[in-house]
Amino acid sequence: MALLDVSGFSSFSGFGKHRQAQLVDRPNHYSFGAKSQEFAVPVGVDPSTFLKSCNCEDGVSIDMNHGTTTLAFKFRHGVIVAVDSRASAGSYIASKEANKVIEINPYLLGTMSGSAADCQYWERLLAKECRLYKLRNKQRISVSAASKLLSNMMLGYRGMGLSMGSMICGWDKKGPGLYYVDDNGTRLSGRMFSTGCGNSYAYGVVDSGYNEDMTVEEAYELGRRGIAHATHRDAYSGGVVNLYHMKEDGWIKVCKEDVSELIHRYRKGMF
Amino acid sequence: MAARYDRAITVFSPDGHLFQVEYAQEAVKKGSTAVGIRGKDIVVLGVEKKSVAKLQEERTVRKICALDEHVCMAFPNQSTVFISLTADARIVINRARVECQSHRLTVEDPVTVEYITRYIATLKQRYTQSNGRRPFGISALIVGFDYDGTPRLYQTDPSGTYHAWKANAIGRSAKTVREFLEKNYTDEAIASDNDAIKLAIKALLEVVQSGGKNIELAVIRRNQPLKFVTSPSEL
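Residues numbered from 1 in each chain as written. Chains lettered and ligands numbered in written order. Predicted model: local features only at pLDDT ≥ 70, side-chain atom pairs only at ≥ 80, totals over all residues. Heavy atoms only, no water.

### Quick look at the packing of helix α6 (residues 199-209) of chain A against helix α7 (residues 216-233) of chain A
Residue and element names in this part refer to chain A.
Line of reasoning, step 1. Two numbers describe how α6 lies on α7: the axes approach to 8 Å, and their chain directions differ by 150°. As the angle between them shows, α6 and α7 are arranged roughly antiparallel. Considering only the axes of α6 and α7, their crossing is right-handed. Listed contacts from α7 to Tyr-201, Ala-202, Val-205, Val-206 and Gly-209 of α6 are Leu-222, Arg-225, Gly-226, His-229, Ala-230 and Arg-233.
Line of reasoning, step 2. Considered class by class, the residues forming the contact of α6 with α7 number six nonpolar, three polar and two charged. (Axes fitted to C-alpha atoms, helices over the stretch in contact; angles between N-to-C directions. Helix = DSSP H or I, 4+ residues; strand = E, 2+ residues; numbered from the N terminus. Parallel < 35°, antiparallel > 145°, perpendicular 65-115°, else oblique. Left-handed = near helix turned anticlockwise from the far one by under 90°. Contact = heavy atoms within 4.5 Å. Nonpolar A, V, L, I, M, F, W, Y, C, P; charged D, E, K, R; others polar.)

What follows is the structure, given as C-alpha cells:
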C-alpha cells in the first residue's frame, strides 16, 4: 500500500515467501542484507527449542563440533592469517586439505571455523555483498562494514543453530583491520584472535612470541608455529598450514606447509 | 493528446513523455528560488524566503534542513496559496535522515553526499513507476562534505535523476540565476569562504527583492556542522 510504504512501516506478518522475494530482489538494496532474511523460517517451527531438546543429556544429543584452528594477528607490517586444513565429521577426517580462508577480494580475507557448510555459505554471501557494494559505490567496502554485514546476517538467525567463528581481515582507508565475528552475532575488533577447538594452544604460542615490532619473517614463523603446535595437540586440527600476509597493497599467500614436517623441524627441544 | 495520457503516472504517451513527471517538474518551477554553490572549503545554500503572513511565526517555515552533521539539503516550496509541497519534502527528508543513520550503523562511516543523493533519487524514481502514487513534487539541492573532505553539490528532480554541480539554482527564475552563475562562477570568485557566500547572495539578489528578510542562507564548512547565517557580522 502506498501509505504503508511512505511511512516506512513494514507489517511484521512473519516471513512470507512473497514479502521475502520483494525484499531480496530489489535492486536498490541499501539495507545491506540486514532487513531481509535469506531463508524463510516455516511458520510454527521454532528452531531454538528444537536445538535445546537435542543438547540435553537424556535423549538424542547432537554435538556441534568446531574442529579447527585458525589464528590472525596484527603487527607493524600488516596482518598475518594462518589456518589449518583438516575438515572433520566427528572422528572421521573428511578432508586433509580443506580451504578455510575465503579470498573475498584482493584486500579482504575471511577465515572459517565451525560448521563448514555455514561458513562457506555465509562467507560467500558476504563476498557477493562486498562485490555489490563496490559496484554501487565505486569504492571497496571497509573492513568494519564487511564484518558488520556478516554479524548482522548471523544475528538474523541467532539461536537457530548456526555455527561459525570467523575472522575478517583486510586493509582499507583506516589501515589494517581485524574483526572476529561469530554465530552469536559477536563482533570484536582486536589485535589478535584465534578460533576453533585448537585455539588455546595457538594462543599460548602466539602470546609468548608476539612483539609489535617483529620483522615480517619472524611474524610468518610465529603464525606457522601457532598452527603447527595446535595441530600437534588438538585431534581435530591438522593437514597443512595456509599462511597469508595482508599488506597495504593487498594480501599474498605466503606458504602452504605440511604440519608434520613443521613439527619435525621444531623437534629439537620438544621431547 | 496529452489529456489521454496524463491521468496515470505509469502510462507513457506515444511520443515518449511521462506527463505526470513533467507536471511535477512544473510544480517545482513555481517554488521559491534556491541556489547552491560549491566552494573550496565551504558549501553554501541560499533560499528565497517568501513573505509570511503577519500572524505567522517565521521560524516554522524552514527550507534548509540538515540530513546529517555534514550534509544538508534545500528545496524550493510553493507559497501557501497552492497545495504546499513542503509536505512532500518532509517525507523525503525523514527517510533520508533515517538512511544516513542506518548507514552510520551498518557501515560505521558517515554517508557520502553522492550516496544519500542516490538514495533520495531512487526513492523519487520508485514513485514514478508504481500505481496508486504520484511523484514527489520537489527538486532538491544537496550539499555537504565527504569523509575525505571533498565538498559536493548535487541536484535531484522529481523524475529521480541526479547530477553533480559546481553551482546551481532551482525554483522560480532558476534560469536567470543559473545564467548569472555561469558568467560569474570562476576560481577567483570562490577563492575564499566569504567570496563564495557573497556569490550566493549576489546570485539570489538577481531575482529576489533586496533585503535580508528575504534570503535564508546556510553554510557548511569542512568538519563543521551546518550553520545558518543570519547577520552580516558573521561573514
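Continuing now.
### Quick notes on the pairing of strand β11 (residues 192-195) of chain A
Residue and element names in this part refer to chain A.
Line of reasoning, step 1. The side-chain alternation of β11 yields two buried faces, one formed by Met-192 and Ser-194 and the other by Phe-193 and Thr-195.
Line of reasoning, step 2. In this sheet, β11 lies alongside strand β1 (residues 70-75) in antiparallel orientation, the contact comprising four bridges. The residue bridging Leu-71 from the neighbouring strand is Ser-194, located in β11. (Buried < 20%, exposed > 50% of the residue type's maximum accessible area, 1.4 Å probe, protein only. Pairing = 2+ DSSP bridges.)

### Looking at the pattern of salt bridges
Line of reasoning, step 1. Considering all chains together, one arrives at 21 salt bridges over all chains under this definition.
Line of reasoning, step 2. Here Arg-265 of chain A and Glu-257 of chain A are joined by a salt bridge, their closest N and O atoms 2.5 Å apart.
Line of reasoning, step 3. Accessibility expressed as a relative area gives 51% for Arg-265 of chain A, which makes it exposed.
Line of reasoning, step 4. In this structure, Glu-179 of chain B engages Lys-175 of chain B in a salt bridge whose closest nitrogen and oxygen atoms are separated by 4.0 Å. Placement of both Glu-179 of chain B and Lys-175 of chain B in helix α5 (residues 174-184) is noted, with a separation of four residues, approximately one turn of the helix.
Line of reasoning, step 5. Taking the relative accessible area as the measure of exposure, Glu-179 of chain B reaches 40% and is therefore partly exposed.
Line of reasoning, step 6. Within the structure, one salt-bridge network assembled from shared partners comprises Glu-221, Arg-224, Arg-225, Glu-257 and Arg-265 of chain A. (Salt bridge = Lys/Arg side-chain N within 4 Å of Asp/Glu carboxyl O.)

### Describing helix α6 (residues 193-205) of chain B
Residue and element names in this part refer to chain B.
Line of reasoning, step 1. Between its first and last C-alpha, α6 extends 19 Å over 13 residues, near the 18 Å set by a 1.5 Å rise per residue.
Line of reasoning, step 2. Turning to α6, its buried residues number three or more, namely Ala-196, Ile-197, Leu-199, Ala-200, Ala-203 and Leu-204. Viewed end-on, α6 has its buried residues packed into an arc of 155°, placing them on one side of the element.
Line of reasoning, step 3. Each element contacted by the buried residues of α6 is listed here: β1 (34-38), β2 (42-48), α5 and β9 (215-221). (Expected span 1.5 Å × (residues − 1). Arc of directions from axis to C-beta.)

### Comments concerning the UniProt feature "active site" (unreviewed entry) in chain A
Residues and elements named next belong to chain A.
Line of reasoning, step 1. Mapped onto this numbering, the UniProt entry annotates "active site" (unreviewed entry) at Thr-68.
Line of reasoning, step 2. With respect to the helices and strands, the residue Thr-68 is situated in the loop between α3 (47-55) and β1.
Line of reasoning, step 3. Residues within four places of Thr-68 in sequence aside, it is in contact with Asp-84, Lys-100, Met-112, Ser-113, Gly-114, Thr-195, Gly-196, Cys-197, Gly-198, Asp-234, Tyr-236 and Ser-237.
Line of reasoning, step 4. One polar contact links Thr-68 to Asp-84, side chain to side chain, over a distance of 2.8 Å. (UniProt positions renumbered as here; feature names shortened; annotations may be inferred. Polar contact = N/O pair within 3.5 Å; in protein donor to acceptor, adjacent residues only side chain to side chain.)

### Examining the sheet that holds β1 of chain B
Residues and elements named next belong to chain B.
Line of reasoning, step 1. Read across the open sheet, the five strands follow the order β8-β1-β2-β9-β10; overall the sheet is antiparallel. Strand pairing shows two members of the sheet lacking a second neighbour, β8 (167-170) and β10 (227-229), which therefore form its edges. The mean angle between the axes of side-by-side strands here comes to 20°, regardless of whether they run parallel or antiparallel.
Line of reasoning, step 2. Here β9 pairs with β10 via three bridges, running antiparallel. Within β10, the position partnered with Ala-218 by the bridge is Phe-228.
Line of reasoning, step 3. Seen against the sheet, α5 touches β1 and β8 and runs at an angle of roughly 165° to β8.
Line of reasoning, step 4. Against the sheet, α6 engages β1, β2 and β9, with an angle of about 20° to β2.

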